[in-house]
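A closer look at the structure
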Number of protein chains: 2
Amino acid sequence: VTSTNVLKFHHIMLPVADLDRAIDFYTRVMGMSVFSRKSFPAERTHNAMVGLGTPPVTPYFELIQDDTMTAIPKLANHVAFDIADLKTLYAALQKEGLTVKEPLAQRPDGGYGCRVYDRDGHELQLIQRGA
Amino acid sequence: VTSTNVLKFHHIMLPVADLDRAIDFYTRVMGMSVFSRKSFPAERTHNAMVGLGTPPVTPYFELIQDDTMTAIPKLANHVAFDIADLKTLYAALQKEGLTVKEPLAQRPDGGYGCRVYDRDGHELQLIQRGA
């Protein structure tokens, strides 16, 4: 990879148990949009690209419901976001009854941070940067 | 999240067994830069932010070597990238002896795609878009 062979993040796949439920969370609560949605009956999978911006800003999430799977594996990693006003989002997340890993707390830089699990148990780190 | 409460991807954490080895792969082979590197002796963890662009373009990878872990969990998800010239990168990946999940193949759009595992077994999807 060089300056003439440009690499760019495109998407992050998240396995989900129920695509409708996952889309509801990432759109209604997290403010994302559905860029595309497809079903593959032969493979018994359904996927949706959800993300930020219009037109779509990469990277975005590829949510995959795979009905051949009996359990949704938890992420070994996490995905982090910057957010302008975390207090407002955190209140919405609590109202949704999401499981909190680390409650809203002040950061050394004066901002705020928290960690929550989405409806499939995937860890999301949310950061409002301070000064 | 609303138009006044902007959400933005910041980083994607990848657990790694050997931070030096992971940094070598993502910088030398994938062309990323090290934006920061820190050790936390009390927690027996070492982490590095590696990514694309100067100054750093979000999102980037947070590579974490956690010496309290006995095994590196494989990702339940994958991370996808767009690349301008996949054939050149694919040749480099093969030269590195990386495990290939799906070899380089032409896509319906005339471009190319492949899936490889990084040195910690995390799946990377690489896409060169066609017409």
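Reading the values: rules and limits
- Within every chain, residues take consecutive numbers counted from 1 along the sequence as written.
- Note on labels: chains are lettered from A, ligands numbered from 1, in written order.
- Thresholds applied to this predicted model are a pLDDT of at least 70 for local features of residues and 80 or more for the giving and counting of side-chain atom pairs; totals over whole chains, interfaces and linings are not thresholded and use all residues.
- Computation of side-chain values covers all heavy atoms of the structure but excludes hydrogens and water.
- Stacked, tilted and edge-to-face are the three classes assigned to paired rings of Phe, Tyr and Trp, where Trp is represented by its six-membered ring and a pair needs centres within 6.5 Å; plane angles under 30 degrees give stacked, over 60 edge-to-face, the rest tilted.
- Any two residues whose heavy atoms approach within 4.5 Å are treated as being in contact.
- Computed with a 1.4 Å rolling probe, the buried area is the accessible surface lost when two parts are put together, summed over both parts.
- Put simply, a salt bridge is a Lys or Arg side-chain nitrogen that is within 4 Å of an Asp or Glu carboxyl oxygen.
- Residues adjacent in sequence count toward polar contacts only when both atoms are side-chain atoms; beyond that, a polar contact is any pair of N or O atoms within 3.5 Å, and within protein one must be able to donate a hydrogen and the other to accept it.
- Numbering of helices and strands runs from the N terminus, with a helix taken as a DSSP run of H or I at least four residues long and a strand as a DSSP run of E at least two residues long.
- Gly is placed with the polar residues, together with every amino acid not listed as nonpolar (Ala, Val, Leu, Ile, Met, Phe, Trp, Tyr, Cys and Pro) or charged (Asp, Glu, Lys and Arg).
- The criterion for strand pairing is that DSSP finds at least two bridges linking the strands in question.
- What sets the superposition is a least-squares fit of C-alpha atoms, and only residues with pLDDT of at least 70 in both copies go into it.
- Helix axes are fitted only over the stretch in contact, all axes being lines through C-alpha atoms; the angle between N-to-C directions runs from 0 to 180 degrees.

1. Here we look at the packing of aromatic side chains
Using the criterion set out here, one finds 12 aromatic pairs over all chains in the structure. Relative to Tyr26 of chain B, the ring of Phe25 of chain B has its centre 4.8 Å away and its plane inclined at 75°; by these criteria the two rings are edge-to-face. Joined through ring pairs, the aromatic side chains of Phe9 of chain A together with Phe25, Tyr26, Phe61 and Phe81 of chain B make up one cluster.

2. Here we look at the interface of chain A and chain B
On the chain B side, the residues contacting the 40 residues of chain A number 40 residues. Between chain A and chain B, the buried area comes to about 3400 Å², and carbon and sulfur atoms account for 64% of it. Viewed at the interface, chain B and chain A are joined by 0 salt bridges. On the surface where chain A and chain B come into contact, there are 15 residue pairs in polar contact (both at pLDDT 80 or more). Contributing elements (two or more residues each) for the side of chain A that touches chain B: strand S1 (7–16), strand S4 (60–66), strand S5 (79–83), helix H2 (86–95) and strand S8 (123–128) of chain A. In terms of residue count, the dominant contributor to the side of chain A that touches chain B is S1 of chain A (9 residues). Per-class residue counts for the side of chain A that touches chain B are 25 nonpolar, 9 polar and 6 charged. Pairing geometry for S1 of chain A and strand S5 (residues 79–83) of chain B, over 5 bridges, is antiparallel. Residue Lys8 of chain A lies in a different strand from S5 of chain B, and its bridge partner there is Asp82 of chain B.

3. As for the relation of the copies chain A and chain B
Between the two copies of the chain lies a relationship made up of a rotation around an axis and a movement along it. Aligned on chain B, chain A shows an RMSD of 0.0 Å; the corresponding rotation is 180° and the shift along the axis is 0.0 Å. The transformation just described matches what one would write down for a two-fold rotation axis. For chain A, the smallest separation between a C-alpha atom and the rotation axis is recorded for Leu75 of chain A, amounting to 3.0 Å. In this assembly the copies share their binding face: 100% of the residues contributing to the interface of chain A also contribute to that of chain B.

4. A few points about the sheet that holds strand S2 (residues 33–40) of chain B
Reading across the sheet, the 8 strands line up as S6(A)-S7(A)-S8(A)-S5(A)-S1(B)-S4(B)-S3(B)-S2(B) and stay open at both edges, with mixed pairing between neighbours. On the outer flanks of this sheet lie strand S6 (100–106) of chain A together with S2 of chain B, each paired with one strand and no other. Strand-to-strand twist in this sheet, taken as the mean axis angle between neighbours without regard to direction, amounts to 20°. In the sheet, S2 of chain B pairs with strand S3 (residues 45–51) of chain B via 7 bridges, with the strands oriented antiparallel. When the bridges of S3 of chain B are listed, Val34 of chain B appears paired with Val50 of chain B.

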